[in-house]
Amino acid sequence: MQKNFFKNVVTTLSVVTLLFSCQSTKNQSPIYMEANQPVENRVNDLLQRMTLEEKIGQMNQFVGIEHMKAAEGNLTAEELKNNTATAFYPGVTSNDVLKWLQQGLIGSFLHVITPEEANKLQQVAMDSRLHIPIIFGIDAIHGNANCPGNTVYPTNIGLASSFNTDMAYKIARQTAEEMRAMNMHWTFNPNVEVARDPRWGRCGETYGESPYLVGLMGAQTVKGYQRNLDTETDVLACIKHFVGGSEAINGTNGAPADISERTLREVFFPPFKQGVDAGAMSVMMSHNELNGIPCHSNKWLMTDVLRKEWNFPGFVVSDWMDIEHLVDIHHTAETIKEAFYQSIMAGVDMHMHGIHWGEMVKELVEEGRIPESRIDDSVRRILTVKFRLGLFEHPYTDIAKGKTVRLSEEHRQTALEASRQSIVLLKNEGILPLDAKKYKHVMVTGINANDENIMGDWSSQQDPKDVITILEGLRQQAPNTSFSFVDQGWDPRNMSQKKVDEAVRKAKKADLNIVVAGEYMMRFRWKDRTCGEDTDRSDLNLVGLQNELIERIYATGVPTILVLVNGRPLSTEWAADHLPAILEAWEPGMMGGQAVAEILYGQVNPSAKLSMTIPRSVGQIQTVFNHKPSLLFHPVVCGSSEPLYRFGHGESYSHFVYSDLQLNTDTIEQDGTVEVSVTIKNDSDRKGTEIAQLYIRDEYSSVTRPVKELRDFRRVTIDAGASKVVKFTLPATKLAFYNVDMDWTVEPGTFKIMVGASSEDSKLLETVITVK
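Described in the following lines is the structure provided in the data block. As the structure is a computational prediction, the values presented were derived from the model and not from experiment. (Residues numbered from 1 in each chain as written. Predicted model: local features only at pLDDT ≥ 70, side-chain atom pairs only at ≥ 80, totals over all residues. Heavy atoms only, no water.)

### Description of the packing of aromatic side chains
In step 1: A full pass over the atoms with the stated rule returns 20 aromatic pairs.
In step 2: Each ring, one from Phe 242 and one from Phe 269, has its centre 5.6 Å from the other, and the planes form 40 degrees; the classification is tilted. With Phe 242 in strand E5 (residues 239-242) and Phe 269 in helix H11 (residues 261-277), the pair connects residues that are 27 residues apart, well separated along the chain. Pair check on accessibility: Phe 242 and Phe 269 agree, each one buried.
In step 3: Taking 4.9 Å as the distance between ring centres and 70 degrees as the angle between the ring planes, the aromatic pair formed by Phe 340 and Trp 357 counts as edge-to-face. (Phe/Tyr/Trp six-rings, centres within 6.5 Å; stacked < 30°, edge-to-face > 60°. Helix = DSSP H or I, 4+ residues; strand = E, 2+ residues; numbered from the N terminus. Buried < 20%, exposed > 50% of the residue type's maximum accessible area, 1.4 Å probe, protein only.)

Structure follows, in structure tokens:
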């Protein structure tokens, strides 16, 4: 059937080519090739020239040729048969894909990681009958880090800890420039899932647990990537994964999510809605089923909510072969053809990777099950993006010129500043900042002390000269200090007892010990990772001999501090109880080693605040700041119900004192606004930046409400000994919720307004506003 399909395609194309040639003789420049024509006119002109096969081809995305060749060369025949890169269609080669591309039957590629390959594939596409360019997608999550030779910024969980939405925009803008320099047009980011379960390996890819913070960071990221989506340095954003994958019932990627509509609309939907409102023109569906219906065949999500409620104008893409998983995982479709039917009719516009798409979707149209008008809808959305990106006029990249853009000094400085702002000082009993004159002999050890793993998940291996590890950063920051290093390897699951013993021996002779622990995230060692995509945990403890390493070094009596490099909250309760200082570096990117060292030695005053709560153990899940009142009705026995570190927590070398919380009125209407002000004094001898956080609580309501909801924040820099009045504007709309009838409303009553340094009650000032 496959051979007959492509034979028919060639015959059809020959006839249409003849007709097109005759028409082009009369009009040498088709409307869709005229750059000065409105996009809508160009789309309509091109669409009416396309065969059904070509339309369906625009909805089909493939992995890159080099990616396929690598699989062909590295995997056995049996592995190729079972590998997801070639599942369901053994025997297909990269040459087959090139042939289909030349026939105009592929609309997009992913996993293309060099500009040379991108230009080559684009040349083949531009030689097709209608010269429709490819749109190249890439997982550029924190910079275009999945490709060598690009700037690697902190991952999203750390960026969110900066509470700096301007920085989110700036990183997205620079990432877009580096992507277009490689002829890549579409990033599968931002991930605006709300992460409330740290067992889930993809927490580091998100902006944390607050829907409000996630929404703001995601929206600014969308704007940074796309702007108006009309220049050669703009790229298409993709908000993902819609929806519920971050709250699977067992904390694993792709497991079922069972979430009430109330929780969906109040917690998980808002960041996606903000992304749509910010202009995002693509949405990726989630692996999981939601309340019994796979997201990839969920008409309520894709059509009723996304299209009809939110007026989303862009296109919906599947995640990696998740349409096929309707058959082999979810068992809601008996055949792949039926899975294609379900997903298209539910709202999917583009299929990520697969060869049967063309023949089977064509059959579904010819059988009358899928109207061709439905195919036209999807293709129109995809072509609109291609025209807006200018791909028809600028299908290639200037590789030499692109090298001057990628990894520029400006971009590296942005990565450094983002790292500085993303690192959270969890604990400090006065040992920090370090005195280089006091600590002349420092022993450094741990799996993340001198490893590129500092870049985090979704990072390719980069040139070592472009990456500053923590050990390198320490040596740069304190050149006159004698640093001894005991390498514990990169793999926490296979640490050497001899190396641990060696570190303990050397620790006894040092003035200070620095242990750099955490998790392993690098994707080129896929099976060895402990954190990242498809790397979920049944506990949150440090893996391997890391706890033993920390405890034995502490037992030497020499001052010991801990630096954590990880993409999810880790339960380090023993360290929190015993060590004098702990730094949560998250995944700080290629400049992270310098940023960590600058903070440890006081060159930089830490300012970041936790974007996720850190629980004491996996048994505390779910532990979030915006929980319902009855969560702690009965405290646990044989342990604490209090988290290890709360959302919004983060210490500084400055000491900030909050006072004089005021409202400009104590009563507002349901459509009114209240001005909130608070005085913050820097009661120290050091200039610092504080992140003031505003929370609200509806004291009595028709349905239960969270004990706290983040509703605003400010980054404010205050000189030593100085004070600043920080002001917030709080519209009544930020007090709204879904009432007992699921109507979005602001109910009359009293609302508690809380402002302070974290979500911890003791750090908050309180007052009350009444809504009439």
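### Digging into the sheet that holds strand E9 (residues 315-317)
In step 1: One open sheet holds the three strands; their spatial order is E5-E6-E9, and the pairing between them is parallel. Looking at strand neighbours, the two that pair on one side only are E5 and E9, the edges of this open sheet. In this sheet, adjacent strand axes meet at a mean angle of 30 degrees when their direction is disregarded.
In step 2: Bridge count between E5 and strand E6 (residues 282-285): two bridges; the pairing is parallel. When the sheet's bridge partners are listed, Ile 239 is paired in E6 with Val 283. (Pairing = 2+ DSSP bridges. Axes fitted to C-alpha atoms, helices over the stretch in contact; angles between N-to-C directions.)

### Brief notes about helix H9 (residues 165-180)
In step 1: Relative to the 22 Å expected for 16 residues at 1.5 Å per residue, H9 spans 23 Å between its end C-alpha atoms, a close match to the ideal helical length.
In step 2: Of all 16 residues in H9, 12 are buried, a share of seventy percent or more.
In step 3: Buried within H9 are the following residues: Thr 165, Met 167, Ala 168, Ile 171, Ala 172, Arg 173, Gln 174, Thr 175, Ala 176, Glu 178, Met 179 and Arg 180.
In step 4: In this fold, the buried residues of H9 make contact with strand E3 (135-138), helix H8 (156-161), strand E4 (186-187), helix H10 (211-226), helix H18 (409-422) and strand E21 (709-718).
In step 5: Where H9 begins, the side chain of Asn 164 points an oxygen toward the backbone nitrogen of Asp 166, at a separation of 3.1 Å. (Expected span 1.5 Å × (residues − 1). Contact = heavy atoms within 4.5 Å. Polar contact = N/O pair within 3.5 Å; in protein donor to acceptor, adjacent residues only side chain to side chain.)

### A few points about the pattern of salt bridges
In step 1: Across all of its chains, the model carries 51 salt bridges by this definition.
In step 2: A salt bridge links Arg 265 to Glu 261, with the nearest nitrogen and oxygen atoms 2.8 Å apart. One end of the pair, Arg 265, and the other, Glu 261, are both in helix H11, four residues apart, so they sit about a helical turn from each other.
In step 3: Here Arg 265 falls in the buried class, since its relative accessible area comes to 13%.
In step 4: Where Arg 523 meets Glu 533, a salt bridge forms, and the shortest distance between an N and an O atom there is 2.7 Å. Of the two residues, Arg 523 is situated in the loop between strand E14 (512-518) and helix H21 (546-554) and Glu 533 in the loop between E14 and H21; the sequence distance between them amounts to 10 residues. Note on accessibility: Arg 523 and Glu 533 belong to one class, buried. (Salt bridge = Lys/Arg side-chain N within 4 Å of Asp/Glu carboxyl O.)

### A look at the environment of Ala 449
In step 1: With respect to the helices and strands, the residue Ala 449 is situated in the loop between strand E12 (441-446) and helix H19 (470-477).
In step 2: Judged by its relative accessible area of 0%, Ala 449 is buried.
In step 3: Linking Ala 449 and Val 716, residues 267 residues apart in sequence, is a C-alpha distance of 32 Å.
In step 4: Contacts of Ala 449, omitting those with residues within four sequence positions, involve Val 444, Thr 469, Ile 470, Leu 471, Phe 485 and Val 516.

### Looking at the state of the cysteines
In step 1: Evaluation of the coordinates by the stated rule reveals zero disulfides.
In step 2: The structure places no disulfide on Cys 147, whose sulfur is separated from the nearest cysteine sulfur, that of Cys 238, by 16 Å.
In step 3: On the accessibility criterion, Cys 147 (0% relative accessible area) is buried.
In step 4: Summary of cysteine pairing: Cys 238 is not part of a disulfide, and the nearest cysteine sulfur, belonging to Cys 295, is at 14 Å. (Disulfide = S-S within 2.5 Å.)

### Regarding the side chain of Gln 61
In step 1: Looking at the element boundaries, Gln 61 is found in strand E1 (residues 60-63).
In step 2: Here Ser 108 takes part through its side chain, which lies 2.9 Å from a polar atom of the side chain of Gln 61.
In step 3: Residue contacts for Gln 61: discarding those within four places in its chain leaves Ser 108, Phe 109, Leu 110, Trp 186, Phe 188, Met 350, His 351, Met 352, His 353 and Gly 354.

### Details of the sheet that holds strand E17 (residues 656-663)
In step 1: If you walk across this open sheet you meet the three strands as E17-E19-E22, and the pairing is antiparallel. Every other strand in the sheet has two partners, leaving E17 and strand E22 (723-731) as the edge strands with one partner each. Going from strand to strand, the sheet's axes swing by 20 degrees on average, the running direction of each strand aside.
In step 2: In this sheet, E22 lies alongside strand E19 (residues 673-682) in antiparallel orientation, the contact comprising nine bridges. Bridge assignment links Thr 673 to a residue of E22, and that residue is Pro 731.

### A few points about the nonpolar core
In step 1: Core analysis: the largest hydrophobic core is formed by 175 residues, its most contacted members being Phe 109, Phe 242, Leu 434, Ile 514 and Leu 600.
In step 2: Sorting elements by how many residues they give to this core places H10 first, with seven residues.
In step 3: When residues no more than four places from it in sequence are discounted, the contact partners of Leu 600 are Leu 432, Pro 433, Leu 434, Leu 474, Ile 514, Ile 561, Val 563, Leu 583 and Tyr 653.
In step 4: Judged by nonpolar contacts, the second largest core, of 35 residues, contains Ile 157, Met 443, Ala 503 and Ile 582. (Core = buried A, V, L, I, M, F, W, Y, C linked by side-chain atoms within 4.5 Å.)

### Notes on the packing of H9 against H18
In step 1: Contact geometry of H9 with H18 gives a least axis separation of 11 Å together with a crossing angle of 150 degrees. Note on packing geometry: the crossing formed by H9 with H18 is left-handed. For the pair H9 and H18, the contacting residues are Met 167, Lys 170, Ile 171, Gln 174, Glu 177 and Glu 178 in the first and Glu 410, His 411, Thr 414, Glu 417, Ala 418 and Gln 421 in the second.
In step 2: By residue class, the composition of the contact of H9 with H18 is three nonpolar, four polar and five charged. (Left-handed = near helix turned anticlockwise from the far one by under 90°. Nonpolar A, V, L, I, M, F, W, Y, C, P; charged D, E, K, R; others polar.)

### What to know about the pairing of strand E15 (residues 560-565)
In step 1: A large share of E15 lies buried, amounting to six of its six residues.
In step 2: Here six bridges tie E14 to E15, and the two strands are oriented parallel to one another. What sits directly across from Val 515, in E15, is Leu 562.
In step 3: Taken together, E15, helix H22 (residues 573-578) and strand E16 (residues 581-584) form a β-α-β motif whose crossover is right-handed. (Right-handed = clockwise from strand over helix to strand, strands pointing away.)

### A few points about the packing of H19 against helix H23 (residues 592-600)
In step 1: Two elements in contact, H19 and H23, have axes whose closest approach is 7 Å; the angle formed by their N-to-C orientations is 50 degrees. One way to sum up the angle between H19 and H23 is to call them oblique. Here the hand of the crossing between H19 and H23 comes out right-handed. The residues of H23 that touch H19, namely those facing Ile 470, Gly 473, Leu 474, Gln 476 and Gln 477, are Gly 593, Gln 594, Val 596, Ala 597, Glu 598 and Leu 600. (Parallel < 35°, antiparallel > 145°, perpendicular 65-115°, else oblique.)

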